[in-house]
Every structure is written in C-alpha cells, then in structure tokens.
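Each chain is listed here by its residues.
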Amino acid sequence: MWRLRRAAVACEVCQSLVKHSSGTKGSLPLQKLHLVSRSISHSHCPTLKLQRPQVKTSFQQFSSLTNLPLRKLKLSPVKYGYQPRRNFWPARLAARLLRLRYLILGSAVGGGYTAKKTFDQWRDMIPDLSDYKWIIPDIVWEIDEYIDFEKIQKALPNSEDLAKLAPDLDKIVESLSLLKDFFTTGSPGETAFRATDHGSESGDKHYRKVSDKEKIDQLQEELLHTQLKYQRILERLEKENKELRKLVLQKDDKGIHHRKLKKSLIDMYSEVLDVLSDYDASYNTQDHLPRVVVVGDQSAGKTSVLEMIAQARIFPRGSGEMMTRSPVKVTLSEGPHHVALFKDSSREFDLTKEEDLAALRHEIELRMRKNVKEGCTVSPETISLNVKGPGLQRMVLVDLPGVINTVTSGMAPDTKETIFSISKAYMQNPNAIILCIQDGSVDAERSIVTDLVSQMDPHGRRTIFVLTKVDLAEKNVASPNRIQQIIEGKLFPMKALGYFAVVTGKGNSSESIEAIREYEEEFFQNSKLLKTSMLKAHQVTTRNLSLAVSDCFWKMVRESVEQQADSFKATRFNLETEWKNNYPRLRELDRNELFEKAKNEILDEVISLSQVTPKHWEEILQQTLWERVSTHVIENIYLPAAQTMNSGTFNTTVDIKLKQWTDKQLPNKAVEVAWETLQEEFSRFMTEPKGKEHDDIFDKLKEAVKEESIKRHKWNDFAEDSLRVIQHNALEDRSISDKQQWDAAIYFMEEALQARLKDTENAIENMIGPDWKKRWMHWKNRTQEQCVHNETKNELEKMLKCNEEHPAYLASDEITTVRKNLESRGVDVDPGLIKDTWHQVYRRHFLKTALHHCNLCRRGFYYYQRHFIDSELECNDVILFWRIQRMLAITANTLRQQLTNTEVRRLEKNVKEVLEDFAEDADKKVKLLTGKRVQLAEDLKKVREIQEKLDAFIEALHQEK
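Residues numbered from 1 in each chain as written. Predicted model: local features only at pLDDT ≥ 70, side-chain atom pairs only at ≥ 80, totals over all residues. Heavy atoms only, no water.

Caption draft 1: Molecular detail of the side chain of E903. Residue placement: E903 occurs in helix α33 (residues 876–920). A polar side-chain atom of E903 sits 2.9 Å from a polar atom in the side chain of H713. Not counting residues up to four positions away in its chain, the partners in contact with E903 are L678, H713, K714, W715, N716 and Q898. (Helix = DSSP H or I, 4+ residues; strand = E, 2+ residues; numbered from the N terminus. Polar contact = N/O pair within 3.5 Å; in protein donor to acceptor, adjacent residues only side chain to side chain. Contact = heavy atoms within 4.5 Å.)

Okay, here's the thing in structure tokens:
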C-alpha cells in the first residue's frame with residue numbers, strides 16, 4: 001500500500017511538471033524534480049546527472065503559417081538504458097512526454113531554418129518592384145502610423161499556446177519546394193527564350209545542312225514569334241496594370257484612403273496652355289511650351305488616330321466632308337472613369353455610354369460652328385477638351401483642320417490659306433511635337449502636308465511620321481518596298497524623329513475602339529510587313545505610337561519648361577517696371593476688375609435716382625411738359641378761340657379743342673416727356689464728373705450701358721389710360737378758389753404771351769432785316785427781299801391802325817389794295833408775300849392786345865366770383881390758362897409717382913441686366929474698356945498667372961522625379 005501511494009504522488013507531481021514545462025522558456029532540470037520522481041526514474045543510475053538544455057525558440061516568425069492543417073505526431077518509442085521490472089507506468093509516461101517536447105522543439109528549429117533558406121531563394125528570384133510602389137496606396141507605407149503593433153503584439157497568444165498549435169513542418173517544406181521549382185523554371189518570357197535557345201542548340205547540325213537563306217528565314221520567323229509572344233505578355237501585364245490602377249483611382253475617388261488629392265501633372269500643364277491661349281495677338285511674348293500638333297491632309301485619318309489614343313469616338317464624323325473646322329486641344333490624363341469635359345463646362349460625358357458619346361460629338365460640332373464667323377469655313381479659335389480614363393497616356397494634343405489642295409463649292413475663298421496659316425502658327429513653335437499623319441492608301445505624290453512639315457521642321461528633330469490605313473496600302477500597293485520607303489523616310493523629302501504604321505479600322509464609323517484595336521493587332525500579326533522585317537514590332541499599332549508620343553512629349557516638356565518660366569519672369573519684371581513708372585499711384589486693375597468697379601459706380605448712380613426729391617421731379621416735369629405743349633395751346637386752342645366775338649363761343653371752342661387734345665395727343669405727349677426726363681436725369685448722374693475721383697476710362701462703358709438700358713426700357717402701357725382720365729377731369733374744372741391762384745394764372749399767361757411775342761418780334765426782324773440803329777452801328781444793310789418785306793409791313797401796320805379789331809385773316813380786296821399801294825411806290829409784291837407778312841404783323845398786334853387785356857384782368861377776381869355780372873370785363877382767357885396750369889401740375893404729380901414707384905426700379909433692373917450681359921461678353925469689355933493702362937494691367941495679370949502656374953507645375957514635375 002505504501003508503494004502504491006508513493007507512485008500516485010509521483011504521477012501527480014510529474015503531470016504538474018509536464019504542464020509547467022511544455023512552454024518555450026525552458027524546462028526544469030532534473031535536480032529540481034520531486035524527490036520521489038527522481039528516485040524512480042534514476043534509481044539504477046545514481047551517478048548519472050542529466051541536465052536538460054534550456055531551449056528558447058520563438059514561434060512568432062512562423063505566425064503566418066499557423067493556419068496550415070495539423071496532423072498527429074507519431075513518435076517511435078525510445079528506450080533509455082535499463083528499465084526496471086516494476087511497472088511504474090505513470091512515471092514512464094510522464095518521462096516520455098517530457099522527452100517529446102524536445103523532439104517537437106528541435107523539429108521546429110530545423111524546419112524554420114529550412115523555410116528561411118527557401119524563402120531567401122524565392123525572394124531573390126522575384127524582380128525588383130520598387131519602381132511600382134505608386135500602385136500601392138500611400139496608406140500601406142504609412143500603416144504604422146495608424147496601427148499600434150506593440151498593442152497587437154501584447155494581445156497575441158503566448159508561446160505556450162502557440163506550442164500546442166505547431167504546424168506540420170513537412171508539408172511546409174514540401175510546399176516551399178514546389179514554389180521554388182515553379183519560380184526556377186522561369187517566366188513565360190524566359191521559357192520562350194530557353195525554348196528558342198534549346199531549339200537553336202539542338203538544331204545546329206540541321207542548320208549546317210540547310211542554306212543560309214533558309215537559316216535567315218527561320219531565324220526571322222522565330223524572332224517574330226518571340227516578339228509577338230512578348231508583345232502579348234506585355235499587353236496582358238498592361239491590361240492588369242490598368243485594372244489595378246483603375247481600382248486604386250476609384251478608391252481614392254471615393255475617399256477610402258482619405259488622402260489629399262492634388263491636380264494631376266498634365267492638368268496643371270493644360271491650365272498653363274489655356275491661359276496662354278487667351279493672350280491678345282499684340283502680346284509680344286511667344287508661347288514656346290510643347291504640344292503635340294496633329295496635322296495631315298483631309299481624310300488622312302487624323303481624327304481616327306487621335307480617337308485611338310483617347311480610346312473613344314469623341315469627334316464628329318462625315319464622309320468626305322470637312323468636320324474639323326477649328327483647332328481642338330485634347331488633354332489626356334488618368335482617372336478612375338473614362339469621361340470627357342470641356343474647360344468652360346462642368347458637365348461630364350461618360351465615354352462608355354453611346355448616348356453620351358453622341359451628345360459630346362454634337363456639342364463639339366456646335367462649338368465649331370459657333371467659332372466660325374460668317375463668311376468663313378474654318379476658325380483659329382481653340383476648343384479645349386479634357387479626356388480622363390484609366391490607362392491613358394498623359395499629354396496634350398491639338399487636332400487641326402485637314403490641309404486641302406482645292407477649295408470646293410460652299411467654302412470661303414480663303415479657306416486653304418487660312419488652314420495653312422493656322423497649321424504654321426502651331427508648328428512654328430520650336431518645342432511643338434508634329435504628329436504628321438499620311439494616308440498610306442493613296443499615292444505619296446498627292447500629299448500636301450509633308451511639304452508643309454518639311455518647311456517647319458527641316459531636320460525632323462520634333463516630327464513623328466504616322467502612316468495610316470496600312471491594311472489598304474498592303475492590299476492595293478503592288479510593290480511592298482514602297483511602304484518600306486515611306487516608313488524609312490526615303491520617299492518623302494521630309495525627315496522625322498520616328499516612323500509608325502497604324503490601322504484605324506475597316507472604314508466603318510460605327511466600329512468600337514476595342515474592335516479596331518483587335519483588328520489592328522490581328523492584321524500586324526499576320527502582315528508581311530513584319531514577317532519580312534520591313535517594319536519593326538515597336539513601329540506598329542496605335543498603342544506603341546501613343547507610348548512613343550507621350551515619352552517624346554514629356555521629354556520636350558522637361559527640357560523646355562524651365563526656360564519658358566525664366567522668360568516669363570523677365571517679362572513680368574519689365575511690365576512691373578513700366579507700370580511703376582507710368583502709373584505710380586494706381587492699382588493694377590485688369591479689365592475684369594475695372595469692369596466690376598465701373599459696375600458698382602453705375603449701380604450707385606442708378607440708386608441715386610431714387611433720392612431725387614418729389615419737388616424736383618414735379619418742377620422738371622411741369623416745365624418740360626409746358627415747353628412741349630405750349631405751341632399747341634397758343635396756336636391751336638387759344639388763338640382760334642380768341643378770334644371769336646363773345647365769351648360763350650370762346651368757351652365752347654376751348655372745351656371742344658381741349659377734349660380733342662386730351663383724347664388723342666396729351667397723354668402720349670406727357671408719357672414721352674416723363675420718359676425723356678428720366679433719361680436726362682439718369683444721363684446727368686452717369687456723365688457728370690465726380691471731381692478728382694472721376695476716371696475717364698469708364699466713360700465709354702457708362703455711355704454704352706446708358707444707351708442699352710434706355711433702349712430696353714419701355715413705359716408702362718397702362719399709364720396713358722389712367723393719365724387721360726386724370727387730365728380730362730383737371731381740364732373740366734373752372735373754379736378758381738382764391739386770389740392767389742388767380743394771380744398765378746395771370747402770371748403764367750403773361751409769361752406765355754411774352755415768350756410768343758418775343759418769338760414773333762424775332763421773326764419780323766429776320767423778315768425785314770436790321771433796323772436803322774443796327775445799320776448805323778454795325779454797318780449792316782438790308783437785302784432786296786428784306787426791303788420788300790419792310791415796305792409790306794409798313795403798309796399792313798397802317799391798315800391795322802385804322803381798324804384795331806381787324807380779324808385774323810385778310811380779305812381778297814384788302815390784299816389787292818395793299819398790292820396796288822406798294823406798286824404805286826415802285827415795290828412789286830405777290831399775294832403770298834403779303835399773307836406771310838400779315839401773319840406776323842397781326843400776331844404781334846394780337847399778343848400786345850392780349851397782354852394789355854391780361855393786365856386789366858389783374859383786378860378781375862372780384863368780377864369772376866360774381867360771374868362777370870354787370871361788368872364789361874371778361875377774363876375767360878385767364879380761366880383757360882388756369883385750367884392749363886392746373887392740368888400741368890396734376891399731370892406732373894401723377895408722372896412723378898409713376899417714376900418713383902415703378903419706372904426707376906424698372907430702369908435699375910434693366911441696368912443690372914445690361915451689366916450682366918456685358919460681363920459675359922468678353923469682346924464687349926475689350927471694346928469699351930480700352931487704353932494703354934488697361935492693356936498693361938491685363939498683360940501683367942496674365943504673366944503673373946502663367947508664372948505662378950508654371951512654378952507650381954515645375955515643382956510638381958520635380959517631385960514626380
């Protein structure tokens with residue numbers, strides 16, 4: 001019993017030790033075991049002192065492999081020395097478990113070393129991907145800033161738990177060996193190379209037997225197949241890169257990475273070109289920044305090549321018709337979506353949808369027609385278009401109208417010369433890359449553009465020659481060597497930096513870009529031009545062309561942009577110095593800023609109209625209206641009525657004529673007077689000088705705004721109807737309430753009659769010539785006609801003295817009498833002259849009589865109140881002028897209310913609309929805001945803007961390097 005109890009205690013102790021010693025920190029030495037266990041295990045070996053080594057292993061470096069499937073460990077029994085016959089199986093089991101721990105840890109160390117060695121070999125075989133770090137988002141490289149690895153490490157399970165999950169290291173080694181064998185066999189390209197090498201080695205004896213020509217043909221065939229194989233591999237990699245790039249850009253577009261997005265390099269460069277294109281023709285700084293200028297004969301395939309580069313059908317198309325009527329600047333850049341948008345519009349056209357493509361083509365066509373002026377066929381004004389999409393090469397291309405040889409019907413006579421001048425203007429830029437497009441399906445001798453390109457770039461240092469429609473050329477041309485001569489530049493007198501051959505489809509405008517690309521690749525894969533080495537693999541397809549043009553473009557940009565920036569710095573210094581010397585106390589306001597300043601001044605002046613006092617409005621309106629209607633009142637109302645014999649007939653005649661006047665002429669005349677008064681006041685506020693603050697540079701603009709606003713303003717149509725009723729009621733009233741109104745009417749009547757008398761005196765003086773005082777004092781004489789008029793006047797005055805109440809018209813016998821009296825004195829006159837003289841003489845006589853009667857009526861208010869009963873004095877003419885005066889006052893008050901309540905606000909609204917229209921019309925602002933000061937400020941602002949954009953672009957360019 002005692003022995004069994006002691007064995008049980010030892011078993012419990014050993015089990016506890018196994019649990020505590022299964023970790024990786026090390027095992028307890030045998031001396032530290034329980035005394036009973038030690039005596040049982042080593043009772044027959046008292047001198048043996050076993051010390052287990054402390055094994056320190058770390059499973060942290062294999063943490064990524066812990067997900068591999070586990071398997072049970074099968075350990076063969078191990079016998080250590082002499083085993084006692086006594087069956088202490090719990091103790092033996094504990095000891096074996098302790099030894100199993102060492103086997104597991106040893107295997108882990110060996111397997112880790114083998115895995116590390118295999119991993120190093122694998123890593124050395126992988127190519128260097130440091131140049132492709134841009135594919136991986138920035139947050140991956142900055143992940144340590146967002147994740148606390150120390151906290152994660154503390155949260156991971158300890159080594160004791162990992163020891164229980166030890167992986168099957170045999171399977172790991174086997175898998176790594178398979179990976180090693182896979183990578184050591186080489187990539188598909190390397191396999192192709194090795195296959196070619198082995199084939200060539202194994203066939204050395206065979207090559208010796210065949211002829212040299214067959215050997216060359218076989219080598220060329222193998223080289224072509226190898227090139228095509230690598231071409232396909234490259235295309236596949238590019239396609240995968242495009243998809244990955246698209247995913248990255250889409251994530252950035254959605255804000256997943258929360259990275260600050262900046263403008264792309266090509267967008268910044270395009271903005272610089274847009275600002276440069278806005279310069280006036282008189283600006284003396286030349287634009288030498290690089291562009292890709294696409295030139296070619298009409299229908300040579302320019303637009304198709306550009307669409308293949310942009311990977312979308314974006315241009316209008318027509319069969320044999322000129323579609324490109326103005327330059328189109330296309331900026332290609334990368335983006336998550338394939339879209340297009342104009343510089344001056346926010347609408348995006350989805351190039352993956354056919355309806356958006358149709359709308360884009362229609363919009364481009366409309367803009368071209370808008371740019372073309374009347375009587376012209378093409379225009380030099382540029383349309384700016386941005387195209388973004390995954391995998392697009394970054395560059396700026398300008399599509400120019402096709403060069404023509406003959407002007408056809410419907411074209412302007414100068415169309416050919418205009419196209420030449422536009423093309424030369426773009427190509428004469430020493431840094432412009434000329435993309436010369438030549439139709440390969442027509443005779444080279446019919447080409448026009450090659451001579452033009454040779455003149456602009458005789459050495460071919462910036463020209464890339466592109467031969468289109470090579471499929472038709474290969475089919476139709478009898479001599480294939482002719483195509484080789486064109487590509488090598490031997491057939492044309494021009495030189496080029498590079499030569500390319502492309503296929504732009506089967507001639508069907510409905511073909512998609514993908515279908516054209518597949519057809520192009522299939523054609524060149526089976527073409528004799530490649531098989532016979534007339535063309536190199538890098539000289540064909542629009543994809544290779546796009547890569548070459550983009551590389552050439554950026555090379556040219558890097559070489560020239562800093563020089564252009566220095567040129568603009570010097571120009572800016574010169575302009576700033578000129579401004580300081582000529583306008584030291586003025587701000588540098590450009591045309592837009594000056595327009596805004598003038599706009600504020602004009603609006604302030606319009607608002608000042610509402611500050612005019614009602615008294616001022618009424619005085620001006622009343623005075624102006626009387627000046628307009630006084631002639632009608634005196635000549636057509638008062639004088640005819642005054643010729644009557646009694647007061648009843650006088651009043652009847654006056655009432656009838658006043659009613660006719662009110663119904664037809666008076667309201668319309670009053671509205672005209674009010675509108676002209678408003679114009680005069682508005683003009684006075686607009687044109688009067690403001691003292692030292694007055695700037696005459698705004699005078700033309702203010703005058704144009706005033707004229708256009710007045711032209712657009714129309715008085716309210718209902719004003720005349722309401723005014724007619726008011727005026728009719730005012731003229732019907734005859735009740736003068738007090739003496740003050742009576743005296744005011746007499747004063748008004750006297751002023752009116754005296755003004756008419758003065759006019760009549762002047763007319764008589766002009767008729768009869770100067771009197772004796774002027775003849776003596778100023779040495780003036782009368783003409784023969786004036787002498788006749790003078791004699792006639794004297795004769796008529798004698799007749800009036802005899803009958804002061806003579807009526808207004810002469811009788812026939814009176815005219816005969818006057819004529820005979822004049823003939824007796826040797827003066828020969830005709831009846832018409834006598835009537836004209838009588839009109840003025842009688843008018844003067846009547847006005848003097850009326851003024852005398854007006855003076856008598858000053859004390860007639862008392863008789864007026866008694867209705868002139870028992871009085872010989874009748875002052876009906878005073879009552880008439882009182883009615884006219886009262887009507888003028890009421891009309892002026894009514895018009896003043898319409899002005900202040902309605903018309904001034906409507907005029908202010910019209911002025912604002914005119915200013916808004918002028919603000920959108922750049923040509924109008926250039927026409928109205930002119931002068932050296934404006935042009936200098938405009939140039940200075942543009943140069944500063946260009947320099948800032950160039951500096952930002954250069955900085956971004958250096959950062960990209």
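Caption draft 2: Spotlight on unusual backbone geometry. Unusually for a residue other than glycine, S299 sits at a positive phi of about 65°. Among the secondary structure elements, S299 is positioned in the loop between β1 (292–296) and α12 (302–310). What makes S299 partly exposed here is its relative accessible area of 48%. Of note, the phi angle at T541 is positive, near 75°, even though the residue is not glycine. On the basis of relative accessible area, T541 is assigned to the buried category, the value being 8%. (Buried < 20%, exposed > 50% of the residue type's maximum accessible area, 1.4 Å probe, protein only.)

Caption draft 3: Here's a closer look at the sheet that holds strand β5 (residues 383–388). Within the open sheet, the nine strands sit side by side as β4-β3-β5-β2-β6-β1-β7-β8-β9. Their pairing is mixed. Lying at the two open borders of the sheet, with one neighbouring strand each, are β4 (349–350) and β9 (498–501). Looking at chain direction, β1 and strand β7 (residues 433–439) are connected through five bridges and run parallel. From the neighbouring strand, V294 faces β7, where its bridge partner is L435. Relative to strand β6 (residues 395–399), α12 is tilted by about 160°, and along the sheet it contacts β1, β2 (328–333), β5, β6, β7 and β8 (463–468). Strands β1, β7 and β8 of the sheet are contacted by helix α15 (residues 449–456), whose axis makes an angle of about 160° with β7. (Pairing = 2+ DSSP bridges. Axes fitted to C-alpha atoms, helices over the stretch in contact; angles between N-to-C directions.)

Caption draft 4: Broad picture of the state of the cysteines. The tally for this structure, following the rule as stated, stands at one disulfide. The disulfide partner of C857 is C875, and the S-S distance across this bridge is 2.1 Å. Here the disulfide of C857 and C875 is left-handed, its torsion about the S-S bond being about -100°. Residue C857 is located in the loop between α31 (831–856) and α32 (861–865), and its partner C875 is located in the loop between α32 and α33; the two are separated by 18 residues in the primary sequence. Neither residue differs from the other here; C857 and C875 are each classed as buried. (Disulfide = S-S within 2.5 Å.)

Caption draft 5: Main features of the packing of helix α24 (residues 666–687) against α33. α33 packs onto α24 with a crossing angle of 50° between their chain directions and a minimal axis gap of 9 Å. On the basis of the axis angle, α24 is oblique to α33. For the element pair α24 and α33, the recorded crossing hand is right-handed. On α33, the residues that touch L666, A670, A674, L678 and F682 of α24 are M887, T891, L895, L899, E903, V904, L907 and V911. Looking at the contact of α24 with α33, its residues break down into 11 nonpolar, one polar and one charged. (Parallel < 35°, antiparallel > 145°, perpendicular 65-115°, else oblique. Left-handed = near helix turned anticlockwise from the far one by under 90°. Nonpolar A, V, L, I, M, F, W, Y, C, P; charged D, E, K, R; others polar.)

Caption draft 6: Up close: the pairing of β5. With five of six residues buried, β5 is to be regarded as a mostly interior element. Bridge count between β2 and β5: six bridges; the pairing is parallel. In the sheet register, V330 faces β5, and the bridge partner there is L385. Note: strand β3 (residues 339–342) against β5, four bridges, orientation antiparallel. Of the residues in β5, the one forming a bridge with F342 is L385.

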